[in-house]
Amino acid sequence: MATFLYKLGRLAFRRRHFVALIWVALLTLAGVGAASAPVAGSSSFSIPGTEAQKTFDLLEERFPGMSADGATARVVFEAPGGQKMTDADHKAAVQDTVKELGKGSEVVSVTDPYVTKSLSKDGTTAYAQVSYKVPGMELEDSSKDALEGAAQDARDTGLTVEIGGDALQAVPHTGTTEIIGIAVAAVVLVITFGSLVAAGLPLLTALIGVGIGVASITALADALDLGTTTSTLAMMIGLAVGIDYALFIVSRYRAELAQGREREEAAGRAVGTAGSAVVFAGLTVVIALVGLAVVNIPMLTKMGIAAAGTVAIAVLIALTMVPALLGYAGRKVRPAGEKGKLLGGGRAARKAEERAAAGAEPKPNVGTRWARFVVRRPIAVLLFSVVGLGVAAVPVGQLELGLPDDGSQPTSTTQRKAYDTLSEGFGPGFNGPLMVVYDGKSSDDPKGDATAATDKIKGLDGVASVTPAQFNKAGDTATITVIPDSKPSSVQTEDLVHAIRDTDGAVKSGTDGNVLVTGTTAMNIDVSQKLNDALVPYLALVVGLAFLLLIVVFRSILVPLKAALGFLLSVLAALGAVVAVFQWGWLSGLLGVEETGPIMSMMPIFMVGVVFGLAMDYEVFLVTRMREAHVHGESPDQTIVTGFEHGARVVTAAAIIMMAVFAGFIGSSESMVKMIGFGLAIAVFFDAFVVRMAIVPAVLALLGKKAWWLPKWLDRALPNVDVEGEGLRTLDKDGPKDTDEDRELVRV
């Protein structure tokens, strides 16, 4: 592989006009496609195999036109202090609002609180429910404007009016957070390379790759039913890996220049060596993202595949466009250790010359000094690191999973205010009603059985109220609304759902029909359960495939095993930090967390997929240098020092950049986006700086030569991908003849 990529890098350097033209053409084509494509709404959300989804499908069949998955809005009215909603003026204002709400073209129905008796016991609160034909993310702006306009007209009469439900649901926006992440990345790159031009190359290529990926997703969104969140994930992952991959290759290119190679030769060797690491690192990310299909949630599968496609584009750009741009940059990209005068390069160069003239050895960099420290004290470093991650992981033992509702919204939003008002006036369970469906098609007396099931539900623990069964025109299916006496995300509400569904329980015994539970609350419970059930198979698939891939890369059993175990430590520690902040409330004020509660159900599996792929980037880039040093005959301890001498600075920069990209999302007003940003940022910190920088060298130092052990039969069976660039030692094209010293320094 190294030889092939070497030739590809040199070709891209020579034919840079052609390569640049191809990528610009692809960007233009994707942009035109995105601009001309119809606007896509949210992707259809379905959870195959769950009872809630089966019940939704049944409702669509038995209650045509009901729009069971349509958006809902609860317009909550509260009378001024000392007044009642039954007062004539307030009643007239509410009824006018109900009439106004019913005029919308997407509205299915609007309830009148005075007809449905939707008033609190003290008479101070009432609500009207608006049902729509389409899901919240697909509502026209005109429908949302009409909803908010009607609420404002009611406020003008003196009432307090808030709107809950998913009708006002919008795609979370993080404002300028992406720009902040790019700005931090630019600063880190300038410090790392000491050159504005060299720092600009990774940013430019990453933006081009993300532009092509996101534009392609936008162009295909309507045809493939891709939701708006798909492009957000692709942009976040694509930007992070795009910068990192280009950073790896530019860094190696500068190192090759420092060895006296011509620029075309240096570009070829950079792609042949660091490019090999990029290919395998990209493969691990792709495996992790595509593996999300194991969860069997179509929306999540599409998001993973789309993000994986963006990562593949980032790899291709790193292998072709980066060397092409290096050709354009010419002498503006300086050899490693040589900086421009603006950044102190002249002073540093003079000091280096003075040390060389005095016969002193070059001053070792921070990575070299740290590696030597770890090699001297591997047990202490290993114990300290593992214990530290273990302490951070302790909160995982109290992890509670759930999905967000209006109760997790910031207290300043109208959704949260409506949620709190309904909880105070009608009870906490009123915000999470359960829709119980009685399927009486096989019953001789559907109405009698439905009534019996309703009475049995009333006798269950945790039930606040139950509405009478409402039958369809055929008289074989009924809906029953159950109000729990606990909030939607509570364990008590989940227990109630399981009690109603219990096939041997009191509700289903003695009836010939089938009792099913659906609704937003039940759907959230089913999604959480499905994600929990898929976590272990997903982890086994992703870690297993990546383990096999790393065996091929490193030609070792223990090194990939160490990489996988270290990753598990970092993910557990990161989840522990998420629990401490978002569930326990530690540092919640500092991070702007207004409401603590259950951790988003998708968080564990999402972190496993994304963080595993990104963590393997650092593992591959850092350890492949050690592997090549081992192949070239260096001692076990020296291989560790060599790997850190050339890789620690780059890996540190890559990790800081990735943390900056993810941490930018902590500033979002959406608590779930904030949670994802914090979780991924802290996970990268643990994995890059504790696992890869401390645990990995400590374990390798303890293992010695055993780290690179591989059974002979397996060594013969595995393909030789030559990631360490052994095949490049015989190449002398267009560059100076390799001396013995040059050969010793040819590393991945």
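Keep in mind it's a predicted model, so treat the numbers as computed, not measured.

**Notes on the pairing of strand β10 (residues 514-518)**
Stage number 1. Most of β10 sits inside the fold, with 4 of its 5 residues counted as buried.
Stage number 2. When strand β6 (residues 434-439) meets β10, the two strands line up antiparallel, connected through 5 bridges. Its bridge partner being in β10, V437 is matched across the sheet by L516.

**What to know about unusual backbone geometry**
Stage number 1. With a phi close to 65°, N296 is a non-glycine residue in the positive phi region.
Stage number 2. Relative to the helices and strands, N296 is located in the loop between α10 (263-290) and α11 (298-329).
Stage number 3. Of note in this structure, R555 is not a glycine but carries a positive phi near 50°.
Stage number 4. We classify R555 as buried; its relative accessible area is 10%.

**With respect to the pattern of salt bridges**
Stage number 1. For the structure on display, the rule yields 16 salt bridges.
Stage number 2. The salt bridge involving D439 is made with R62; its shortest N-O contact spans 2.8 Å. Of this pair, D439 sits in strand β6 while R62 sits in helix α3 (residues 51-62); the two residues are 377 residues apart in sequence, bridging distant segments of the chain. Of the two residues, D439 and R62, neither departs from the other in class, the shared state being buried.
Stage number 3. Of the charged contacts in the structure, one is a salt bridge between R555 and D715, with a shortest N-O distance of 2.9 Å. Here the residue R555 occupies a position in the loop between α18 (520-554) and α19 (558-583), and D715 occupies one in helix α24 (residues 712-717), the gap between them amounting to 160 residues.
Stage number 4. According to the relative accessible area criterion, D715 is partly exposed, its value standing at 36%.
Stage number 5. Members of the salt-bridge network, linked through shared partners, are R10, R14, E264, E265 and R269.

**Observations concerning the confidence of the model for the protein**
Stage number 1. Confidence in the prediction of the protein, expressed as mean pLDDT, is 80, and 86% of residues score 70 or more.
Stage number 2. When mean pLDDT is compared element by element in the protein, helix α14 (residues 378-393) scores highest at 94, while helix α25 (residues 740-745) scores lowest at 36.
Stage number 3. Low pLDDT, under 50, characterises residues 732-748; the predicted model gives this stretch 48 contacts beyond four residues in sequence or across chains.

**Digging into the side chain of T639**
Stage number 1. Mapping T639 onto the fold places it in helix α22 (residues 636-663).
Stage number 2. You can call T639 buried: its relative accessible area is 2%.
Stage number 3. Those residues in contact with T639 that lie beyond four places of it in its chain are M626, A629, H630 and E634.

Rules behind the numbers
Residues numbered from 1 in each chain as written. Predicted model: local features only at pLDDT ≥ 70, side-chain atom pairs only at ≥ 80, totals over all residues. Heavy atoms only, no water. Buried < 20%, exposed > 50% of the residue type's maximum accessible area, 1.4 Å probe, protein only. Helix = DSSP H or I, 4+ residues; strand = E, 2+ residues; numbered from the N terminus. Pairing = 2+ DSSP bridges. Salt bridge = Lys/Arg side-chain N within 4 Å of Asp/Glu carboxyl O. pLDDT = per-residue confidence, 0-100. Contact = heavy atoms within 4.5 Å.

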